[in-house]
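Here are the chains, one letter per residue:
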Amino acid sequence: MWGRQREASSMYKRLPSRDCTNTVDLEENSDLLQNVMSPETSSPSWRLSFPHVLVATISSFLFGYHTGVVNEPLESISVDLGFSGNTLAEGLVVSTCLGGALVGALLSGWIADGVGRRRAFQLCALPMIVGASMSATSKSLAGMLLGRLFVGTGMGLGPPVASLYVTEISPAFVRGTYGSFIQIATCLGLMGALFIGIPVKETAGWWRICFWVSTIPAAVLAAAMVFCAESPHWLYKRGRTEEAEAEFEKLLGGSHVEVAMAELSKSDKGDDTDTVKLSELFYGRHFRVVFIGSTLFALQQLSGINAVFYFSSTVFKSAGVPSNLANVFIGVANLTGSIIAMVLMDKLGRKALLLWSFSGMVMSMALQVTAASSYVANSGAMFLSVGGMLMFVFTFALGAGPVPGLLLPEIFPSRIRAKAMAICMSVHWVINFFVGLLFLRLLEQLGPQLLYSIFGTFCLIAVVFVKRNVVETKGKSLQEIEIALLPQE
């Protein structure tokens, strides 16, 4: 059934013979399930689940928007609120979100398992509305920081819940495509923030409008979730079987409900999500997949992607490109890569995109290192630097950006899925914070050539790690993936 037995076995090399036999039996049962499916039921319509996915990705749009909303208006904010020239205060306005995001990410698994995916989205929207309103009406630095902290909480809660929800409601054959919508929505949010911020230098107080605008999609997310389907996986795990069947009918169509419920019953043995302990995620039978997920997110951030974003305006400025135009170039490269990833995700697969993406990032960093060397003429160095930076963002968006958030909910067993995602996203935010905090200091002390070499090394480590540890999940149901990867108790 699995098609890549050697890759699947590499994740659990010490699987006892008894467990191996159980896994084979379960895989044979899963094959029997697939064989009895008629041609009509083998491919559910993507149109039924599509609107639900679109609503969920509003949270990703908000994530991107709030990530970039203060970039252009920061100077005006500092003047109006009386901390102009205070680089520490300016840094806090940008980075306070990260503290809130860590809190939101840590709580996301317990919230998603406790109240369900739909209400988790609504709880994500609430602090974004409150926080954006506080920032828009703030008269002091303290008010601005408090608003940013609230917004950060929603930013931390949104991405893991979106990944969970999209993974659990999507038909297997388009799950990768739908998962790519999360990255595309994030790109559109970033570009939307840059677009909304254009009049900030000409119009007094425009930065307040930038914050007010973000409350509209947040309110739409909270309201639209009332009409969206709840995750059938969550309902089934809570013992609400009839409701799970009704939601499957909304998402897949009536002819697919029986097969979908049969698959759920094979992997979910009625375990109560509340019995999952943190200790289970750090050692024992679940440690391997949690380690892979955390490492993928760590390598994603250690690749230097955020440092490249931070440093991009300086590189473009030295090449004579205005900052606004530089942001457009970076945004277009990011969006183009994300769209291509969406097209290829369910054709080439997750692992292939990760390998090609990290390999491309290695080559991009090599161009950056070459540009920083003394052996290249100034004009050539500028060309290599700008080209390498755009190539890095493009190749990141091809796989390293969108794939981890999609792959991890696929490989995590349903019983631990929400909490494991919370742990992995927390690792993401912690490393994101330290890369942002230390980048300029390291750049000053080490120089661009050595620093980019370090980032390139992490990308190379990521290639080796993906090759050895990541399995392909393209086209497989979540239950098939769980049966193939998880050692039986």
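Residues numbered from 1 in each chain as written. Predicted model: local features only at pLDDT ≥ 70, side-chain atom pairs only at ≥ 80, totals over all residues. Heavy atoms only, no water.

Taking an unreviewed UniProt entry as the reference, the chain is identified by name as Major facilitator superfamily (MFS) profile domain-containing protein belonging to Lithocarpus litseifolius. Recorded in UniProt under Subcellular location (unreviewed entry), the annotation for the chain is "Cell membrane". Taken from UniProt, the Sequence similarities (unreviewed entry) comment for the chain reads in full: "Belongs to the major facilitator superfamily. Sugar transporter (TC 2.A.1.1) family." (UniProt positions renumbered as here; feature names shortened; annotations may be inferred.)

So, about the overall build of the chain. If you tally the helices and strands in the chain, you get 23 helices and zero strands. In the chain, buried positions account for 56% of the 489 residues. Look at the contacts in the chain between residues 6 or more apart in sequence, and 85% of them connect residues 24 or more apart. For the chain, the exposed surface amounts to about 20,200 Å²; the carbon and sulfur share of it is 65%. (Helix = DSSP H or I, 4+ residues; strand = E, 2+ residues; numbered from the N terminus. Buried < 20%, exposed > 50% of the residue type's maximum accessible area, 1.4 Å probe, protein only. Contact = heavy atoms within 4.5 Å. Areas by Shrake-Rupley, 256 points an atom, 1.4 Å probe, with all protein chains shown as cover.)

The next point concerns the nonpolar core. In terms of nonpolar packing, the biggest core is built from 106 residues, with Leu296 and Phe412 touching the most fellow members. Per-element tally for this core: the top contributor is helix α21 (residues 417-446), with 11 residues. Not counting residues within four places of it along the chain, the set of residues in contact with Leu296 comprises Leu354, Leu407, Leu408, Phe465, Val466 and Val470. Val93, Met144, Ile196 and Val200 belong to the second-largest nonpolar core, a separate cluster that totals 18 residues. (Core = buried A, V, L, I, M, F, W, Y, C linked by side-chain atoms within 4.5 Å.)

Here we take up helix α22 (residues 448-469). With 22 residues, α22 extends 31 Å between its outermost C-alpha atoms, agreeing within 8% with the 32 Å of an ideal straight helix rising 1.5 Å per residue. Buried within α22 are the following residues: Leu451, Tyr452, Phe455, Gly456, Cys459, Ala462, Val463, Phe465, Val466 and Asn469. (Expected span 1.5 Å × (residues − 1).)

Looking now at the pattern of salt bridges. Applying the stated rule across the entire model yields nine salt bridges. Notably, a salt bridge pairs Asp113 with Arg117, separated by 3.2 Å at the nearest N-O pair. Note on Arg117: relative accessible area 0%, which makes it buried. The residue Glu168 makes a salt bridge to Arg417 at a minimum N-O spacing of 3.0 Å. (Salt bridge = Lys/Arg side-chain N within 4 Å of Asp/Glu carboxyl O.)

For helix α8 (residues 141-169), which comprises 29 residues, the first-to-last C-alpha distance of 42 Å matches the rise-based estimate of 42 Å (1.5 Å per residue) to within 8%. The buried count for α8 comes to 22 of 29 residues, which makes it a mostly enclosed element.

Our next topic: the packing of aromatic side chains. Across all of its chains, the model carries 11 aromatic pairs by this definition. With 5.7 Å between their ring centres and 70 degrees between their planes, Phe63 and Trp429 make a pair best called edge-to-face. With Phe63 in helix α4 (residues 58-68) and Trp429 in helix α21, the pair connects residues that are 366 residues apart, well separated along the chain. For the pair shown, Phe63 and Trp429 are each scored as buried. With a centroid separation of 5.8 Å and 25 degrees between ring planes, the pair formed by Phe287 and Phe291 is classed as stacked. Taken together, the positions of Phe287 and Phe291, both in helix α15 (residues 287-302) and four residues apart, correspond to about one turn of that helix. According to the relative accessible area criterion, Phe287 is partly exposed, its value standing at 37%. (Phe/Tyr/Trp six-rings, centres within 6.5 Å; stacked < 30°, edge-to-face > 60°.)

Let's shift gears to the side chain of Gln301. By the secondary structure assignment, Gln301 is in helix α15. Among the residues examined, Gln301 registers a relative accessible area of 3% and is labelled buried. In terms of polar contacts, Gln301 uses its side chain to reach the side chain of Gln300, at 3.2 Å. Those residues within four positions of Gln301 in sequence are excluded, and the remaining contacts are Asn306, His428, Ile431, Asn432 and Val435. (Polar contact = N/O pair within 3.5 Å; in protein donor to acceptor, adjacent residues only side chain to side chain.)

This next bit is on the confidence of the model for the chain. Looking at the chain, the pLDDT average stands at 83 and 84% of residues meet or exceed 70. Every residue in residues 1-41 is under pLDDT 50, and counting partners more than four places away or in other chains gives 61 contacts. (pLDDT = per-residue confidence, 0-100.)

This brings us to the environment of Gly399. Along the chain, Gly399 turns up in helix α19 (residues 378-400). Sequence separation of Gly399 and Phe358 is 41 residues, and the distance between their C-alpha atoms is 7.7 Å. Excluding residues that lie within four positions of it along the chain, Gly399 makes contacts with Leu353, Leu354, Ser357 and Pro404.

What follows concerns the side chain of Arg350. Here Arg350 is to be found in helix α18 (residues 350-372). For Arg350, the side chain forms a polar contact with the side chain of Asp346, separated by 2.9 Å. For Arg350, the contacting residues outside a window of four places in its chain are Arg175, Gly176, Met345, Val403, Leu406, Leu407, Glu410, Glu472, Thr473 and Lys474.

A cluster of nonpolar residues, Val430, Phe433, Phe434, Leu437, Leu438, Leu442, Leu446, Leu450 and Ile454, forms a patch on the protein surface that exposes about 700 Å² of accessible area. Broken down by secondary-structure element, the contributors of at least two residues to the nonpolar patch are α21 and α22. One can find Val430 in helix α21. (Patch = residues over 30% accessible without salt bridge, like charges linked within 9 Å, V, L, I, M, F, W, Y side chains within 5 Å.)

Below, the discussion takes up the environment of Arg417. Topologically, Arg417 is positioned in helix α21. Residues Arg417 and Val290, spaced 127 residues apart in sequence, show a C-alpha to C-alpha distance of 9.6 Å. Setting aside chain neighbours within four positions, we find Arg417 in contact with Leu164, Glu168, His233, Pro409, Phe412 and Leu478.

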